[in-house]
Amino acid sequence: MEGEEFVRVFDSSGNLVFDNSGEKFRPPDDPAAVSAALSGSRTRTNLDLGPELRALTAPIHANGQVIGAVEVGLSTDDVHSTLRTLLIIIAVTYPLALVIASGGGVFLAGRALSPIDGLTRTARRISAEDLSRRLDMRLPDDEVGRLARTFDEMIARLDDAFRRQRQFTADASHELRTPLTAIKGQTEVALQRDRDPAEYRSVLRNVNTEVDRMIRLVSSLLTLARADAHQVPLAKEDISLGALVSDAADQVRSAADNKGVSMRLRNGGETRVTADQDLLLQLILNLLDNAVKHTPSGGSIDVSWSKADGQAKVVVSDEGPGIPTEHLPRIFDRFYRVDKARSREGGGVGLGLSICRWIAQAHGGTIQADNAPGQGATFTVHLPIN
Ligand code: ADP
């Protein structure tokens, strides 16, 4: 504001030589400050002349000498009013900005989290009885989208596991009921009247056959249940595959001979593996049993062992009817049989190959079924070598 600043100049004797402060706005004389300036130092003072002023009295130098003093004053009102305005702006805008920022934050967080809310609601509706539900949320491929998709995949796996479990229980119950029904039928008929000892013996023999079937079934179920629960410790040792195959072949030889089926063992070289002897024997026995069962009289079975590419290999081929191509992918499933009636007649319950697959996998290996055209089925087991 005009008149709220002044300049006064003093000569080297302290006489006022220039003054623009005017009559109405007269700053008090400050001889102490002037003489301090003439001796080279500056003095700052605050003046209250209606408006508040800040004054500076300083020496004027020329050629290294103090030739006078100058006193300048400037109103601090402008500064104060600017500060006040700034304070008002801050006081108004800060809470406003805070409100907008919080509102925006809540809005954005709500938008980001709303799919999670949907996810939670759907997840709550999914129960063990209704695993067919999926979130099926069309979300972008971000963190939440990936979470929703992973959740759906997990439910699909659970659904599959539960379905298999239910199927397994139903199949097991059915398989157990069949021999029990046969036993019940036979004993009921036998008990209807007195019979001679030969008839009783015949009934007992049939009952015995059915009980054998049940024992086989129950012990297979037990093996698979333990395998599922990872409760079968593998007693691994160094084994000669050739010796093990010969051992298995000896055990099925009489059944093969009775059926008129020959067995050829082909030694592809000394092959040693680290494996659980009993389990590996069971695997090969199951394959040989099946081969004997499916090979017609006069046919032959080929069993070979060898090592290649760091793996041991056992191949069992037969001259039976082979496995229809459409059944190949499911042949290792539990209770899966190509021809249920014929397999049951032969004492099969459809668990042998599932056990074979578990044994191969438990040893870090694989098992695979193929058909050699016109030559029957071929089962190939690969095992990691020592
Ligand atoms: P099973 O106890 O019925 O023999 P497996 O699990 O051992 O059960 O075999 C499953 C099914 O695979 C059999 O029912 C049979 O249909 C088929 N299969 C297994 N081995 C052979 C084979 N060597 N030749 C033809 N079919 C086979």
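Up top is the structure.
Conventions adopted
Residues numbered from 1 in each chain as written. Predicted model: local features only at pLDDT ≥ 70, side-chain atom pairs only at ≥ 80, totals over all residues. Heavy atoms only, no water. Phe/Tyr/Trp six-rings, centres within 6.5 Å; stacked < 30°, edge-to-face > 60°. Helix = DSSP H or I, 4+ residues; strand = E, 2+ residues; numbered from the N terminus. Pairing = 2+ DSSP bridges. Axes fitted to C-alpha atoms, helices over the stretch in contact; angles between N-to-C directions. Contact = heavy atoms within 4.5 Å. Buried < 20%, exposed > 50% of the residue type's maximum accessible area, 1.4 Å probe, protein only. Salt bridge = Lys/Arg side-chain N within 4 Å of Asp/Glu carboxyl O. Core = buried A, V, L, I, M, F, W, Y, C linked by side-chain atoms within 4.5 Å. Domains from an automatic or database assignment. Left-handed = near helix turned anticlockwise from the far one by under 90°. Nonpolar A, V, L, I, M, F, W, Y, C, P; charged D, E, K, R; others polar. Polar contact = N/O pair within 3.5 Å; in protein donor to acceptor, adjacent residues only side chain to side chain.

Chemist: Before we move on, could you go through the packing of aromatic side chains and cite the residues and values that matter?
Modeler: One pass over the structure, following the stated rule, counts two aromatic pairs. For the pair Phe168 and Phe335, a centre-to-centre distance of 5.4 Å together with 45 degrees between the ring planes defines the contact as tilted. Of this pair, Phe168 sits in helix α3 (residues 143-191) while Phe335 is found in the loop between β10 (311-317) and α7 (340-345), placing the two residues 167 residues apart along the sequence. Ring geometry for Phe332 against Phe379: centres 6.3 Å apart, planes inclined by 90 degrees, an arrangement best described as edge-to-face.

Chemist: Pulling in residues and values, what's your account of the sheet that holds strand β2 (residues 16-19)?
Modeler: Strand order in the open sheet made by the five strands is β2-β1-β5-β4-β3, with antiparallel pairing throughout. At either end of the open sheet lies a strand with only one pairing partner, and these are β2 and β3 (43-48). Sheet twist, expressed as the average angle between the axes of neighbouring strands with direction ignored, equals 20 degrees. Across seven bridges, strand β1 (residues 5-11) lies against strand β5 (residues 65-75) in antiparallel orientation. Bridged to Val7 within β5 is Val72. Docked against the sheet, helix α1 (residues 31-38) engages β1, β3, β4 (52-62) and β5, running at close to 135 degrees with respect to β5.

Chemist: Can you break down the sheet that holds β10 residue by residue, with the values?
Modeler: What the five strands build is an open sheet, ordered β7-β9-β10-β12-β11; its pairing is mixed. In this open sheet, the two edge strands, each paired with only one partner strand, are β7 (262-267) and β11 (366-372). Direction aside, the axes of adjacent strands within the sheet are offset by 15 degrees on average. Here seven bridges tie strand β9 (residues 300-308) to β10, and the two strands are oriented antiparallel to one another. Paired with Lys307 across the strands is Ala312, a residue of β10. Docked against the sheet, helix α5 (residues 241-259) engages β7, β9 and β10, running at close to 175 degrees with respect to β7.

Chemist: Describe the environment of Val292, listing the residues and the values that go with them.
Modeler: As for its position among the elements, Val292 is in helix α6 (residues 277-294). On the basis of relative accessible area, Val292 is assigned to the buried category, the value being 6%. As for Val292 and Arg253, which are separated by 39 residues in sequence, their C-alpha atoms are 9.2 Å apart. Setting aside chain neighbours within four positions, we find Val292 in contact with Ala255, Ala256, Lys259 and Ile301.

Chemist: Describe the pattern of salt bridges, naming the residues involved and giving the relevant values.
Modeler: Taken as a whole and assessed by the stated rule, the structure comprises 19 salt bridges. Among the ionic pairs, Asp29 bridges to Arg8, the shortest N-O distance being 3.2 Å. Of the two residues, Asp29 is situated in the loop between β2 and α1 and Arg8 in strand β1; the sequence distance between them amounts to 21 residues. Residue Arg330 is joined to Asp333 by a salt bridge in which the shortest nitrogen-to-oxygen separation is 3.0 Å. Beyond isolated ion pairs, a larger network of salt bridges with shared partners links Arg8, Asp29 and Glu71.

Chemist: Can you tell me about the nonpolar core, naming the residues and giving the values?
Modeler: By size, the foremost hydrophobic cluster in this structure holds 53 residues, and its most contacted members are Leu283, Leu287, Leu288 and Ile301. When residues of this core are assigned to their parent elements, the largest contribution, 10 residues, is made by α6. Split by domain, the residues of this core number at least three in each of domain 2 (143-228) and domain 3 (236-384). Aside from chain neighbours lying at most four places away, what touches Ile301 is Val261, Ser262, Met263, Arg264, Leu288, Ala291, Val292, Thr295, Val316, Ser317 and Asp318. Counting seven residues, the second largest nonpolar core, distinct from the first, contains Leu119, Ile126, Ala148 and Ile155.

Chemist: I'd love a proper account of the packing of α6 against helix α8 (residues 352-362), names of residues and values included.
Modeler: With their axes 9 Å apart at the nearest point, α6 and α8 run at an angle of 145 degrees to one another. Viewed along their axes, α6 and α8 form a crossing whose handedness is left-handed. Across from Leu279, Leu280, Gln282, Leu283, Asn286, Leu287 and Asn290 in α6, the residues of α8 making contact are Gly352, Leu353, Ile355, Cys356, Trp358, Ile359 and Ala360. Residue classes in the contact of α6 with α8 are distributed as 10 nonpolar, four polar and no charged.

Chemist: Explain the environment of Thr271 to me, and be specific about the residues and the numbers.
Modeler: With respect to the element layout, Thr271 can be found in the loop between β7 and β8 (272-276). Among the residues examined, Thr271 registers a relative accessible area of 0% and is labelled buried. Other than its neighbours up to four places away in sequence, Thr271 contacts Ile239, Ser240, Leu241, Gly242, Trp305, Ser306, Lys307, Ala312 and Ile385. A distance of 2.8 Å separates the side chain of Thr271 from the backbone oxygen of Gly269, its partner in a polar contact.

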